[in-house]
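So you can see what is in the structure, the chains are spelled out below.
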Amino acid sequence: MNKNSNVLRNIGIFIIIPLFILGLYYSTFYDYLFFHTFVEFFSVLIGFGVFVIAWNSRHVSEDDFLLYIGLSFLFVSTIDILHTVSYKGMNILIGFDSNLPTQLWIAARYLQSISFLLSSFFLKRRIKPGLLLGSLSLITILLIASIFLGIFPDCYIENSGLTNFKIVSEYFISTISLLSSVLFFMNRKYLEKQVFQLIMFSIILMIGAELAFTFYVDVYGLSNFIGHIFKLFSFYFVYKAIVETGIKKPSALLHKKLNQSVKDLRLLS
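Residues numbered from 1 in each chain as written. Predicted model: local features only at pLDDT ≥ 70, side-chain atom pairs only at ≥ 80, totals over all residues. Heavy atoms only, no water.

## Digging into the overall build of the protein chain
For the protein chain, the count of helices and strands is seven helices and two strands. Traced from its N-terminal end to its C-terminal end, the protein chain shows the element sequence α-α-α-α-β-β-α-α-α. Counting over 269 residues, the protein chain shows a buried share of 48%. When contacts within the protein chain are restricted to residue pairs at least 6 apart in sequence, those whose partners lie at least 24 apart make up 79%. Total accessible area on the protein chain is roughly 14,300 Å²; 69% of this is exposed by carbon and sulfur atoms. (Helix = DSSP H or I, 4+ residues; strand = E, 2+ residues; numbered from the N terminus. Buried < 20%, exposed > 50% of the residue type's maximum accessible area, 1.4 Å probe, protein only. Contact = heavy atoms within 4.5 Å. Areas by Shrake-Rupley, 256 points an atom, 1.4 Å probe, with all protein chains shown as cover.)

Here is the structure:
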């Protein structure tokens, strides 16, 4: 029965996901701004969910690398909110062109990719959540301030397209992500098999997203669409990894300890 249920679930996934992507693709013809806002806010919700689960399971989880990722996603998602509300056509942040959301995108991706890279060093190592929270807060504030103060390099020029800095940054971010995947692969023995696979899927999609964003000229273009889809599913796989480690694994561990306590009590009695 369980086997049949898994087969039906897998069939459902293979049907629903393509239909979901197709629906998003057709929504771009209706209103690209709607598509972008929907995908970005959905990604932001996933990012905040990753943070909430990682933070609240920090006392029972043995994997601090996921806490590192969870905390980083809080700040990545915060920058992504600014990216979303400043996107061309939103008319929320007045006086800015398409350069601002592109700069915010690059800043968020730098923070995300470097966080993945550094998190690989915290497999089976403990970190101080308060110190990490303060450090990421400071870094995020400095990144946002540098953009709005005009210090951060231009990433998009109207009627011209992407700047060299933006394109080089996408490749550099992809390289950082690739290095992260190598480090996770080398240390895969410290990870549950399913968690390792989910993290690797996320990194691969992250790299795909960055490469897609090296090609677009129009912020409403096809490669922009592909990049956002890859990013959405990249976030989703991280969420799945956090749920697997932050909820299912600790619950199983607590259940195991409870059963052991019951056995000990029976032996004593």
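## Observations concerning the pattern of salt bridges
Applying the stated criterion across every chain, the model contains four salt bridges. Residue K231 is joined to E40 by a salt bridge in which the shortest nitrogen-to-oxygen separation is 2.6 Å. Taken as a pair, K231 in helix α7 (residues 222-268) and E40 in helix α1 (residues 2-56) lie far apart in primary sequence, 191 residues in all. Note that K231 is salt-bridged to D80, the shortest N-O span being 3.1 Å. On the criterion of sequence distance, the pair formed by K231 in helix α7 and D80 in helix α2 (residues 64-85) is long-range, its members being 151 residues apart. (Salt bridge = Lys/Arg side-chain N within 4 Å of Asp/Glu carboxyl O.)

## Thoughts on the nonpolar core
Membership of the largest hydrophobic core comes to 64 residues, with the highest contact counts inside it found for F65, I69, F116, F184 and I199. Those elements that place two or more of their residues in this core are α1, α2, α3 (99-119), α4 (129-148), α5 (164-186), α6 (193-212) and α7. Broken down by element, this core gets its largest block of residues, eleven residues, from α2. In contact with F116, not counting residues within four places along its chain, are I69, F73, S180, F184, I199, S202, I203, M206 and V238. (Core = buried A, V, L, I, M, F, W, Y, C linked by side-chain atoms within 4.5 Å.)

## A look at the packing of α3 against α6
Two elements in contact, α3 and α6, have axes whose closest approach is 12 Å; the angle formed by their N-to-C orientations is 150 degrees. Viewed along their axes, α3 and α6 adopt a mutual orientation that is roughly antiparallel. Crossing of α3 over α6 shows left-handed handedness. Contacts between α3 and α6 involve W105, R109, Q112, S113 and F116 from the former and I199, S202, I203, M206 and E210 from the latter. (Axes fitted to C-alpha atoms, helices over the stretch in contact; angles between N-to-C directions. Parallel < 35°, antiparallel > 145°, perpendicular 65-115°, else oblique. Left-handed = near helix turned anticlockwise from the far one by under 90°.)

## Looking at α3
Between the first and last C-alpha of α3 there are 30 Å, a value that for 21 residues agrees with the 30 Å anticipated at 1.5 Å per step. With 19 of 21 residues buried, α3 is to be regarded as a mostly interior element. (Expected span 1.5 Å × (residues − 1).)

## Observations concerning the environment of V39
Structurally, the position occupied by V39 is in helix α1. Along the sequence, V39 and K231 sit 192 residues apart, while their C-alpha atoms lie 8.9 Å from each other. Not counting chain neighbours up to four residues away, the residues in contact with V39 comprise L24, H228 and L232.

## So, the packing of α2 against α4
Remark: α2 packs on α4, axes separated minimally by 10 Å, with the N-to-C direction vectors making an angle of 25 degrees. By the angle class used here, α2 and α4 are roughly parallel. Every pair of crossing elements has a handedness; the one defined by α2 and α4 is right-handed. Each of L67, Y68, L71, S72, L74, F75, I79 and L82 in α2 lies in contact with α4, whose residues at this interface are P129, L132, L133, L136, S137, T140, L143 and I144.

## Thoughts on the side chain of E170
Looking at the element boundaries, E170 is found in helix α5. In this structure E170 comes out as buried when scored by relative accessible area, which is 0%. Of the polar contacts made by the side chain of E170, one reaches the side chain of K166; its length is 2.5 Å. Here E170 is in contact with W105, I106, E210, F213 and T214, once residues within four sequence places are set aside. (Polar contact = N/O pair within 3.5 Å; in protein donor to acceptor, adjacent residues only side chain to side chain.)

## Digging into the environment of Y171
Along the chain, Y171 turns up in helix α5. In this structure Y171 touches L211 and T214, once residues within four positions along its chain are discounted.

## Examining a nonpolar patch on the surface
Together, I15, I16, L19, L22, Y26 and F29 line one region of the surface with nonpolar side chains, adding up to about 670 Å² of accessible area. Checked against the element boundaries, F29 lands in helix α1. (Patch = residues over 30% accessible without salt bridge, like charges linked within 9 Å, V, L, I, M, F, W, Y side chains within 5 Å.)

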